[in-house]
Amino acid sequence: MRRALVVHASRHGGTAGIAEKIGAVLRADGVDVTVAPAASMPDPSGFDACVIGAGVYMGSWVKEGVEYLERYAPRLAGRPVWLFSSGPLPGSSKEATDADDPYQNALGPADGPGSGGRKKIEALSALFRPREHHVFRGAYDPKDPPKAISERLVRLMPASKDILPPGDFRDWDAIAGWAHQIAAEIAEPVSVG
Ligand SMILES: Cc1cc2nc3c(=O)[nH]c(=O)nc-3n(C[C@H](O)[C@H](O)[C@H](O)COP(=O)(O)O)c2cc1C
């Protein structure tokens, strides 16, 4: 049986929920799955596939996700790896910048001001070359108290209601479809006859 590790860096649970869904779909497709938070630093050795995702805040991955990639990039090299970012909220200021480019919507521009978070993930990705980096829409509940000072400040801004549309925009069909695709890619060849 194939073994997959699904790692998530989540501040408010949205990304963790996506990771759990990916895990459930892989399991249903016959994969032995471990889902774990990046903060617990699960070792990717011995897994046939690693799926690593993080929530995006102000253009940067949640820090435990970055730390996970920094620590394990050498061990991820040569292994099938898929990354996902969970972020854009429809109609947010980020998404308004260029609706056709999911990376820009989530992590900001490739160059210039505001490109630091994206550059960081691109530099780390270059060390192990993920098969894909997918961007999924996220979720935002203003009643859930902020967990970082920067988050608190953004929420206090008068324009925050326009910048951060509240709601759960996670596209479960798209997430399940992506997970099925991963299961198909790591499936053991079926012997005929
Ligand atoms: C203060 C704040 C800043 C955010 N900045 C971004 C951003 O730069 N890019 C993006 O795609 N999403 C951004 N989001 C949306 C979050 O990424 C989204 O809510 C995501 O689902 C959070 O994942 P989590 O619940 O796992 O922490 C932001 C949300 C908040 C509250």
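Remember, it's a predicted structure, so these values are computed and weren't measured experimentally.

### Brief notes about the site of the ligand
With respect to spatial proximity, 24 residues lie near the ligand, and among them Ser10, Thr15, Val56, Tyr57 and Ala139 are the closest. For the ligand, an oxygen atom lies 2.5 Å from a polar atom in the side chain of Thr15. One of the backbone N or O atoms of Met58 is found 3.0 Å from a nitrogen atom in the ligand. Computed on the free molecule, the ligand has an accessible area of 640 Å², of which 97% lies beneath the protein chains in the complex. Judged by the fraction of its atoms near the pocket grid, the ligand is located in the largest pocket. Of all the elements in the fold, those that place two or more residues in the shell around the ligand are helix H1 (14-28), strand S3 (49-57), strand S5 (81-87), helix H4 (102-107), strand S7 (139-140) and helix H6 (149-156). Here the shell around the ligand takes three residues from S3, the largest share from any one element. Considering only residue class, the shell around the ligand consists of 10 nonpolar, 11 polar and three charged.

### As for the packing of aromatic side chains
With the rule as written, the count across this model stands at four aromatic pairs. Measuring from ring centre to ring centre gives 6.1 Å for Phe84 and Trp178, while their planes differ by 75°; the resulting arrangement is edge-to-face. With Phe84 in strand S5 and Trp178 in helix H8 (residues 172-186), this residue pair connects regions lying 94 residues apart in the sequence. Each member of the pair, Phe84 together with Trp178, is buried. Counting every residue linked through ring pairs, the aromatic cluster contains Phe84, Phe136 and Trp178. Here the basic side chain of Arg3 rests over the ring of Phe47, its NZ or CZ set 4.3 Å away from the ring centre. Positioned above the aromatic ring of Tyr57, the side-chain terminus of Arg11 is 4.0 Å from the ring centre.

Criteria and cut-off values
- Residues numbered from 1 in each chain as written.
- Predicted model: local features only at pLDDT ≥ 70, side-chain atom pairs only at ≥ 80, totals over all residues.
- Heavy atoms only, no water.
- Near = heavy atom within 4 Å.
- Polar contact = N/O pair within 3.5 Å; in protein donor to acceptor, adjacent residues only side chain to side chain.
- Areas by Shrake-Rupley, 256 points an atom, 1.4 Å probe, with all protein chains shown as cover.
- 1 Å grid on protein atoms, 1.4 Å probe; cavity = no way out; pocket = protein on both sides within 12 Å on 5 of 7 lines; lining within 4 Å.
- Sits in = over half its atoms within 2 Å of the grid points.
- Helix = DSSP H or I, 4+ residues; strand = E, 2+ residues; numbered from the N terminus.
- Nonpolar A, V, L, I, M, F, W, Y, C, P; charged D, E, K, R; others polar.
- Phe/Tyr/Trp six-rings, centres within 6.5 Å; stacked < 30°, edge-to-face > 60°.
- Buried < 20%, exposed > 50% of the residue type's maximum accessible area, 1.4 Å probe, protein only.
- Lys NZ or Arg CZ within 6 Å of the ring centre and 35° of its normal.

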